[in-house]
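# Topology and contacts: notes
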Amino acid sequence: MKFTLRQLQVFLATAHHENISKAAESLSMSQSAASGALKELEALYDLKFFERAGKRLKLNELGRQFWPRAEALLAQARELEADLLSHRDLGRLNVGATLTIGNYLAVGIMADYMAEQPGARVHLEVANTRTIVERVLAFELDLGLIEGELNHPDLELLPWREDELVVFCSPDHPLAGKEALTDEDLRAAHWIVRESGSGTRQTFERGLHGLVPKLDLALELEHTEAIKRAVEAGLGISCLSRVCLREAFKRGSLVELPVPHRDFSRDFYFVLHRQKYRSPGIERWLELCRASAG
């Protein structure tokens, strides 16, 4: 395509005002720039669209035939621009993530997303599962990344990746080095656990079904890092996602306690409102999340 939309704008403005100076003024251009654009358009196809009548530029027959087609094309261009402007935040996402996912998985995905879409903006809210679900329901978040199961008619829950909780303690704890913990060991220990409403707490209670009322839940904390520091300080044992314990296990600041007769497996999920429009940005975020789990 040889001509530009700017040249069409100059042609139409000149046809309307019948004067290049007024046409240039209406387009916030200099007269020389407008005159040059019109001359370039005509020269591209070796055509003339106007006849001079003193200071006025009158459309000739070819110009009159060209006018409505140019108007229609420019109208489509304006409509396209309006659509693009209304979606200028196409790359903007409001994502909610639970503490485990937000602190250890979501930031890397956010970096990949923003690298793919320069100028994209992502707001990441980190909270427990209950809070994330409430905000997705209220359309305050585009989607949530959660670690707890739920059943709500307005929400769609999509499996994302597998995970497991791990019981752990400090290297100096009396249980450290035991080949396997018994239920008696679990009952006798002081526990530091996540708060009610968190997905981790939900999985912890499911894994220790029948035993929870007999456990010594000495501390309830909202943040995984605070729990890890408390366990390192010897205040008790805990149970968190393996995702957030890998580095501590490598350093040796925390050690795993095998509990083979208890099942702490779980899944991470996407949660979306069924009535929420899934923009290309949302769909791409989901694709990046799935790719990261591969």
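The text that follows walks through the structure, step by step, so that each part is easy to find. Within each chain, residue numbers correspond to sequence positions counted from 1 in written order. Note on the predicted model: pLDDT of at least 70 is required for a residue's local features to be given, and 80 or more for side-chain atom pairs to be given and counted; whole-chain, interface and lining totals, by contrast, use all residues. Only hydrogens and water are set aside; all other atoms, that is, all heavy atoms of the structure, feed into the side-chain values.

## Details of a nonpolar patch on the surface
Put simply, the rule is: Patch criteria: residues need more than 30% relative accessible area and no salt bridge. Like-charged residues are merged within 9 Å; nonpolar side chains of Val, Leu, Ile, Met, Phe, Trp and Tyr are merged within 5 Å. The Shrake-Rupley method, run with a 1.4 Å probe sphere, supplies the accessible areas, and residue values consider only the shown protein chains as cover. Throughout this description, the term salt bridge denotes a Lys or Arg side-chain nitrogen within 4 Å of a carboxyl oxygen of Asp or Glu. Exposed residues in this analysis have more than 50% of their type's maximum accessible area, buried residues have under 20%, and partly exposed residues fall in between, with area computed by a 1.4 Å probe over protein chains only.
Taken together, the side chains of Leu44, Tyr45, Leu47 and Leu62 define a hydrophobic patch exposed on the protein surface, amounting to about 290 Å² of accessible area. Take Tyr45: its relative accessible area is 36%, and that puts it in the partly exposed class.

## Side note on the side chain of Gln7
For clarity, the cut-off: By the criteria applied, helices consist of DSSP H or I runs no shorter than four residues and strands consist of E runs no shorter than two, each listed in order from the N terminus. Nitrogen and oxygen atoms within 3.5 Å of one another constitute a polar contact, given that in protein one can donate a hydrogen and the other can accept it, and given that sequence-neighbouring residues count only through two side-chain atoms. Contact definition: two residues touch when any of their heavy atoms are within 4.5 Å.
Of note, Gln7 is situated in helix 1 (residues 5-17). Within polar-contact distance, the side chain of Gln7 engages the side chain of Glu40 at 3.4 Å. The contact partners of Gln7, leaving out residues within four places of it in the chain, are Lys2, Ala37, Glu40, Leu41 and Leu44.

## Here's the deal with the environment of Ala15
Along the polypeptide, Ala15 turns up in helix 1. Note on Ala15: relative accessible area 7%, which makes it buried. Ala15 sits 49 residues away from Arg64 along the chain, and the two C-alpha atoms are 8.8 Å apart. Dropping the residues within four chain positions of it, Ala15 is found in contact with Phe50, Leu59 and Trp67.

## Let's talk about the layout of surface pockets
The condition that has to hold: Put plainly, a pocket is an open set of points on a 1 Å grid over the protein atoms alone with protein on both sides within 12 Å along at least five of seven lines, a cavity is a set where a 1.4 Å probe fits but cannot get out, and a lining residue has an atom within 4 Å of a point. Grid points are joined across faces, edges and corners, and a volume is the space filled by probe spheres set on the points. Residues are sorted three ways: Asp, Glu, Lys and Arg are charged, Ala, Val, Leu, Ile, Met, Phe, Trp, Tyr, Cys and Pro are nonpolar, and all the rest, Gly among them, are polar.
One number sums up the size of the largest pocket: a volume of about 260 Å³. The greatest single-element share of the lining of the largest pocket, amounting to 6 residues, is contributed by helix 4 (residues 61-86). Of the residues assigned to the lining of the largest pocket, the class counts are 10 nonpolar, 1 polar and 1 charged.

## Some remarks on the pairing of strand 3 (residues 93-97)
Spelled out, the test is: A clockwise course of the path from the first strand over the helix to the second, judged with the strands pointing away from the viewer, identifies a crossover as right-handed. Following DSSP output, two strands are said to pair if at least two bridges run between them.
Among the 5 residues of strand 3, 4 are classified as buried, and the element is accordingly described as predominantly covered. In terms of handedness, the path from strand 3 via helix 5 (residues 99-116) over to strand 4 (residues 122-126) forms a crossover that is right-handed. Bridging between strand 3 and strand 5 (residues 143-146) involves 3 bridges; their strand directions are parallel. Its bridge partner being in strand 5, Ala97 is matched across the sheet by Leu145.

## Things to note about the pairing of strand 9 (residues 237-241)
Counting buried positions along strand 9 yields 5 of 5 residues, so the element is predominantly enclosed. Bridging between strand 6 (residues 155-169) and strand 9 involves 4 bridges; their strand directions are antiparallel. The partner of Leu165 across the bridge, within strand 9, is Ser241.

## Concerning the pattern of salt bridges
Counted by the stated rule, this structure contains 24 salt bridges. Taking the shortest distance from any N to any O, the salt bridge between Arg266 and Glu147 comes out at 3.3 Å. Note that Arg266 is positioned in strand 11 (residues 265-273) and Glu147 in the loop between strand 5 and strand 6, a separation of 119 residues in sequence. Using a relative accessible area of 7% as the deciding quantity, one classes Arg266 as buried. A relative accessible area of 3% places Glu147 in the buried class. Among the ionic pairs, Glu195 bridges to Arg194, the shortest N-O distance being 3.0 Å. When sorted by exposure, Glu195 lands in the same class as Arg194, which is buried. Put simply, Glu225, Lys228, Arg229 and Glu232 are held in one network by salt bridges that share partners.

## Regarding the nonpolar core
In plain terms, the rule: Remark: nonpolar core denotes a set of buried residues (Ala, Val, Leu, Ile, Met, Phe, Trp, Tyr, Cys) joined through side-chain atoms within 4.5 Å.
Counting residues in each nonpolar core, the largest one holds 24 residues, and the members touching the most others are Ile101, Leu145, Trp160, Phe270 and Trp285. Within the residue set of this core, elements represented by two or more residues are strand 3, helix 5, strand 5, strand 6, strand 11 and helix 11 (280-292). Broken down by element, this core gets its largest block of residues, 6 residues, from helix 5. Setting aside residues no more than four positions away along its own chain, Trp285 makes contact with Leu93, Val95, Ala106, Ile109, Met110, Tyr113, Val122, Leu143 and Leu145. Judged by nonpolar contacts, the second largest core, of 21 residues, contains Leu8, Ile20, Ala24 and Ala34.

## Describing the packing of aromatic side chains
Counted only if it meets this: Pairing of aromatic rings covers Phe, Tyr and Trp, the last through its six-membered ring, and needs centres within 6.5 Å; plane angles under 30 degrees mean stacked, over 60 mean edge-to-face, and all others mean tilted. Distance and angle both matter: a charge sits over a ring if NZ of Lys or CZ of Arg is within 6 Å of the ring centre and within 35 degrees of the ring normal.
Summed over the entire model, instances satisfying the criterion amount to 8 aromatic pairs. Taken together, a centroid distance of 4.9 Å and an interplanar angle of 10° make the contact between Phe49 and Phe66 stacked. Taken as a pair, Phe49 in the loop between helix 3 (31-45) and strand 1 (50-53) and Phe66 in helix 4 lie far apart in primary sequence, 17 residues in all. With relative accessibility at 4%, the residue Phe49 sits in the buried group. Look at Trp160 and Phe268: their rings are 6.1 Å apart centre to centre, the planes differ by 40°, and that puts the pair in the tilted class. Taken together, the positions of Trp160 in strand 6 and Phe268 in strand 11 put the pair 108 residues apart, joining distant regions of the chain. Pair check on accessibility: Trp160 and Phe268 agree, each one buried. When the ring centre of Trp160 is taken as reference, the NZ or CZ atom of Arg161 above it lies at 5.8 Å.

In short, shape yes, function no, at least from these values alone.
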